[in-house]
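So the chains spell out like this:
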2 protein chains.
Amino acid sequence: MVRDSGACVSVALDAMGGDLGPEVAVKGADLLLSGVVPCKCKVHLSIYGKESAVLPVLSKYKLVEKNSVFIDTPDAVLCDDRPSFALRHRRKSSMWCAIEDVKKGVVASAVSAGNTGALMAISRYLLGTLQGIDRPAIAAVLPSRKNSFVALDLGANAECAPDSLFQFAIMGRAFARAVLGVENPRVGLLNIGAEDNKGTYSIKEAFALMRDAKQDINFYGYVEAKEAFDGVADVVVADGFSGNVMLKTCEAVAGLTLHILKKEICSSLMGRAAMRILRSCYFKERASGGSALDVRSYNGAVLLGLNGIVVKSHGSADAVAFAHAIKEAVCAISQGDMAKEMISEVSNG
Amino acid sequence: MVRDSGACVSVALDAMGGDLGPEVAVKGADLLLSGVVPCKCKVHLSIYGKESAVLPVLSKYKLVEKNSVFIDTPDAVLCDDRPSFALRHRRKSSMWCAIEDVKKGVVASAVSAGNTGALMAISRYLLGTLQGIDRPAIAAVLPSRKNSFVALDLGANAECAPDSLFQFAIMGRAFARAVLGVENPRVGLLNIGAEDNKGTYSIKEAFALMRDAKQDINFYGYVEAKEAFDGVADVVVADGFSGNVMLKTCEAVAGLTLHILKKEICSSLMGRAAMRILRSCYFKERASGGSALDVRSYNGAVLLGLNGIVVKSHGSADAVAFAHAIKEAVCAISQGDMAKEMISEVSNG
């Protein structure tokens, strides 16, 4: 796979997903290609969408127009489409065609800010799961006091059997090796306390599976949400419901804290003076989402466990956030051994 | 019940709970009695603990010594006691005796920073649940962009039947009326999406119960964690697992955001200058936990659905946080109609 910085990786963009329309995907592509959001590899883009909606936007971003091909798709997945409906009736949508091109090998990965359920269903249907993986999971990198950690599942499976949680541990470990560069990642299981009488039936069973695993997981044990953000583990395994609650709460509270801080600071004269200084030294990185405080730099969750790379961007992502999702897809492509590692580990179970 | 600001309310303090020993409870009491953490009512305290551990501390805080009685209890609940063990073998503990005195009517409420499972089990055993309530829940007030919201259950019940979630809605509504002063609170149900195919079986069933309720709940529908902190609902109902994940993530990420901000600011000369200004204008309220950014002011979760008032403080609470938990107990006492409202609403179901 592509590890050389001189090589060019191809990424499919679903321009019709997301709450804010095609402008976000195209402008996000522009930020990446122009280097405002820096990326190690050269990228070539395939952009999927309705001609009438995308071409006018594309004509405004010459750099993107030059470095991409446009594929006209007559249909689009809507945000309230059920996964089963999308599977049956959205076969000419931008999302479907983008993932189909991953399957064909025309592109190396696909990025979409569209309907998560439909994206997972279509990806699973077209790409299939890796050998030995029952259910794919959504994984992302979240910030901690030490550095970062990989969290999964973030919403693909609301209810999870112990076996699935165990597979998430294996998948998360391979992902953490690839994206965090940690040799032997510590794997934690999200729970509401460290005592062994705490938690649901599934969590307790999954604990036993991870503790007794043949694969010699570097198992940390139970992790409370607070400890996860302290950085005690490199991988935090959760069912999709509580993982999603953790992710959404993290995003919301990071924003809320800055909101309250700003309000408090600006309520005094001295505070407003401090704010002006802060703006000049902190917000300089605003254009690229390069600050550690900018949640947009954490956009881009990977659908793990599939025979292909699909990245989900936030539905409400702006262009900076979308550029980071494309970057995530590029990173995932350059870590081609990850899938092989997952398969061999799961098969050893 | 006591609504007059001239009246004196009596609160029992378990001085042996919490990670940091009896000093926290006694110093917390001092901050409240001296007015550093302001409170509308006069408070009289009963302090429960081992004589050898508590009396030396008490002698350092004369104001507390003067305004409290000390009850020597030979035993204490440990943080890793199972609830069933505490029920059988900790009947002479500070926690047990404090709650027993709530039952006898000697004190109006109890506050403990001890083992949550044991506190819930002992409270439920001694006080019993309100008529029509199957399972008590832990509720607390969390911050939002609009103001605050009540969240429950925050960890008492890892798995919840739809009926329990429905009862939490009724309990949470009564609690929100009392502590937020909202006449007709909007009730939301925590989920991982707004679409009706999202979520677990229990959540979907609870949705139907709330939507079709005779009690005419002001039902907002599904709420994602992000929306909860945007302030779309006054009450957010969750199972104890995801509620706990939301609570712990909220606390962790508020701290993490300030930690990262401080690190970023202090990495530049101008930033350090701004930090000095900020310290002078913002941290002035540090002594009381009075700032909206200080998570300590949100300490104190109420065990709802019992025949009596029990408040759980964080195990890691410091004195300021513990003072806020005592304040929470005082507030709950002054809202005596809450229990009656819950009973009548649940009976109407």
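If you're wondering where the values come from, they're calculated on a predicted model, not measured in any experiment. All residue numbers refer to positions counted from 1 along the written sequence of the respective chain. Each chain is given a letter, starting from A, and each ligand a number, starting from 1, according to the order in which they appear as written. Side-chain atom pairs in this predicted model are given and counted only at pLDDT of 80 or more, local residue features only at pLDDT of at least 70, and totals for whole chains, interfaces and linings cover all residues. Side-chain numbers come from the whole structure's heavy atoms, not from hydrogens or water.

Draft legend 1. Broad picture of the confidence of the model for chain A. Residue and element names in this part refer to chain A. Averaged over every residue, the pLDDT of chain A is 88; residues scoring 70 or more account for 89%. pLDDT expresses how confident the predictor is about each individual residue, on a scale running from 0 to 100. Contacts are residue-level and defined by heavy atoms, with any inter-residue pair within 4.5 Å sufficient. Note that pLDDT drops below 50 for residues 1-5; the model gives that stretch 11 contacts with residues more than four away or on any other chain. With a pTM of 0.88, the predicted complex shows an ipTM of 0.87.

Draft legend 2. Examining the pairing of strand S6 (residues 148-152) of chain B more closely. Residue and element names in this part refer to chain B. Working definition: with a 1.4 Å probe on protein chains only, accessible area under 20% of the residue-type maximum means buried, over 50% means exposed, and in between means partly exposed. Put simply, DSSP marks the helices as runs of H or I at least four residues long and the strands as runs of E at least two long, and each gets a number from the N terminus on. The buried fraction of S6 is high, at 5 of 5 residues. Burial along S6 is two-sided: Ser148, Val150 and Leu152 and Phe149 and Ala151, pointing in opposite directions, are all buried. Looking at chain direction, strand S5 (residues 137-143) and S6 are connected through 5 bridges and run antiparallel. Paired with Val141 across the two strands is Val150, which belongs to S6. Note on pairing: DSSP must find at least two bridges between two strands before they are called paired. Once S5 ends, the chain turns through 4 residues before running back antiparallel as S6.

Draft legend 3. Just the environment of Ser148(A), in detail. Residue and element names in this part refer to chain A. Turning to its location among the elements, Ser148 is positioned in strand S6 (residues 148-152). We classify Ser148 as buried; its relative accessible area is 18%. Separated by 87 residues in sequence, Ser148 and Val235 place their C-alpha atoms 9.3 Å apart. In this view, Ser148 contacts Val141, Leu142, Pro143, Leu180 and Tyr298; residues no more than four positions away in its chain are not counted.

Draft legend 4. The arrangement of the domain arrangement of chain A in detail. Residue and element names in this part refer to chain A. What the domain assignment reports for chain A is domain 1 (6-133 + 294-336) and domain 2 (136-267). On the side of domain 2, 18 residues touch domain 1, which itself brings 18 residues to the contact. Once two parts are brought into contact, the accessible area they lose, counted with a 1.4 Å probe and summed over both, makes up the buried area. When domain 1 packs against domain 2, the two sides together hide about 1,500 Å² of surface, and 71% of this comes from carbon and sulfur. When the area that domain 1 buries against domain 2 is broken down by residue, the three leading residues are Ile133, Tyr298 and Leu304, summing to 39%. Any carboxyl oxygen of Asp or Glu within 4 Å of a side-chain nitrogen of Lys or Arg constitutes a salt bridge here. Applying the counting criterion to the domain 1 and domain 2 interface returns 0 salt bridges. Any pair of N or O atoms that falls within 3.5 Å is considered a polar contact. Within protein, one atom must be able to donate a hydrogen and the other to accept it, and sequence-neighbouring residues count only if both atoms are side-chain atoms. Linking domain 1 with domain 2 are 4 residue pairs in polar contact (both at pLDDT 80 or more). Put simply, the parts of the chain that give the side of domain 1 that touches domain 2 at least two residues each are helix H6 (116-127) and strand S10 (301-304). Per-element accounting of the side of domain 1 that touches domain 2 gives the leading share, 4 residues, to S10. Split into classes, the residues belonging to the side of domain 1 that touches domain 2 amount to 9 nonpolar, 7 polar and 2 charged. Note that the domain bounds reflect an automated or database-derived domain assignment. In this classification, Asp, Glu, Lys and Arg are treated as charged, Ala, Val, Leu, Ile, Met, Phe, Trp, Tyr, Cys and Pro as nonpolar, and every other residue, Gly included, as polar.

Draft legend 5. Fine view of the relation of the copies chain B and chain A. Residues reaching a pLDDT of at least 70 in both copies supply the C-alpha atoms on which the copies are superposed by least squares. Once chain B is rotated about the relating axis by 179° and shifted along it by 0.0 Å, it coincides with chain A to within an RMSD of 0.1 Å. The operation mapping one copy onto its partner corresponds to a two-fold rotation axis. When the interface residues of chain B are mapped onto chain A, 100% of them are again interface residues, pointing to one common binding face.

Draft legend 6. Quick peek at the pattern of salt bridges. Counted according to the given criterion, the structure contains 22 salt bridges over all chains. Here Lys248(A) ties to Glu224(B) by a salt bridge, and the two come within 2.4 Å at their closest N and O atoms. Note that Lys248(A) is positioned in helix H10 (residues 240-265) and Glu224(B) in the loop between strand S8 (219-223) and helix H9 (225-230), a pairing that runs across two chains. The pair Lys248(A) / Glu224(B) is uniform in exposure class, with both members buried. Between Asp101(B) and Lys104(B) there is a salt bridge, and its shortest N-O distance comes to 3.8 Å. Residue Asp101(B) and its partner Lys104(B) are located together in helix H5 (residues 94-104), separated by 3 residues, close to a single helical turn.

Draft legend 7. Structural detail: the interface of chain B and chain A. At the junction of the two partners, chain B supplies 56 residues and chain A supplies 56 residues. Here chain B and chain A share an interface that buries about 5,000 Å² over both sides, 73% of which is from carbon and sulfur atoms. The largest per-residue losses of area from chain B upon contact with chain A belong to Arg145(B), Ile192(B) and Phe241(B), which jointly make up 14% of the total buried on that side. Counting across the chain B and chain A interface gives 6 residue pairs in polar contact (both at pLDDT 80 or more). A per-element tally of the side of chain B that touches chain A places helix H10 (residues 240-265) of chain B first, with 21 residues. The residue makeup of the side of chain B that touches chain A, split by class, is 30 nonpolar, 16 polar and 10 charged.

Draft legend 8. Structural view of the sheet that holds S8(B). Residues and elements named next belong to chain B. Taken together, the 11 strands give an open sheet; going across it, the order is S3-S2-S1-S4-S11-S10-S5-S6-S9-S7-S8, and neighbouring strands pair in mixed fashion. For this open sheet the edge positions go to strand S3 (68-72) and S8, each flanked by a neighbour on one side alone. Ignoring strand direction, the axes of neighbouring strands in this sheet form an average angle of 25°. Helix axes are fitted only over the stretch in contact, all axes being lines through C-alpha atoms; the angle between N-to-C directions runs from 0 to 180 degrees. This element, helix H1 (residues 22-33), spans strand S1 (8-14) and strand S2 (42-49) of the sheet and lies at about 175° to S2. Strands in contact with helix H7 (residues 162-180) are S5, S6, strand S7 (187-190), strand S9 (235-237) and strand S10 (301-304); relative to S6, the strand with the most contacts, it is inclined by about 150°.

Draft legend 9. Seen up close, the packing of aromatic side chains. Centre distance within 6.5 Å is the pairing criterion for rings of Phe, Tyr and Trp, where only the six-membered ring of Trp is used; planes under 30 degrees apart are then read as stacked, over 60 as edge-to-face, and the remainder as tilted. By the definition in use, this model includes 8 aromatic pairs over all chains. Measuring from ring centre to ring centre gives 5.4 Å for Phe207(A) and Phe219(A), while their planes differ by 65°; the resulting arrangement is edge-to-face. In this pair, Phe207(A) is assigned in helix H8 (residues 201-211) and Phe219(A) in strand S8 (residues 219-223), connecting sequence segments 12 residues apart. Exposure remark for Phe219(A): the relative accessible area of 19% places this residue in the buried category. Ring centres 5.8 Å apart and planes at 45° place the aromatic pair Trp96(B) and Tyr125(B) in the tilted group. Taken together, the residues Trp96(B) in helix H5 and Tyr125(B) in helix H6 (residues 116-127) connect sequence positions 29 residues apart. When its relative accessible area of 3% is taken as the criterion, Trp96(B) is described as buried. Residue class for Tyr125(B) comes out partly exposed when judged on its relative accessible area of 48%. One aromatic cluster is present, built from ring pairs that chain together Phe207(A), Phe219(A) and Tyr222(A).

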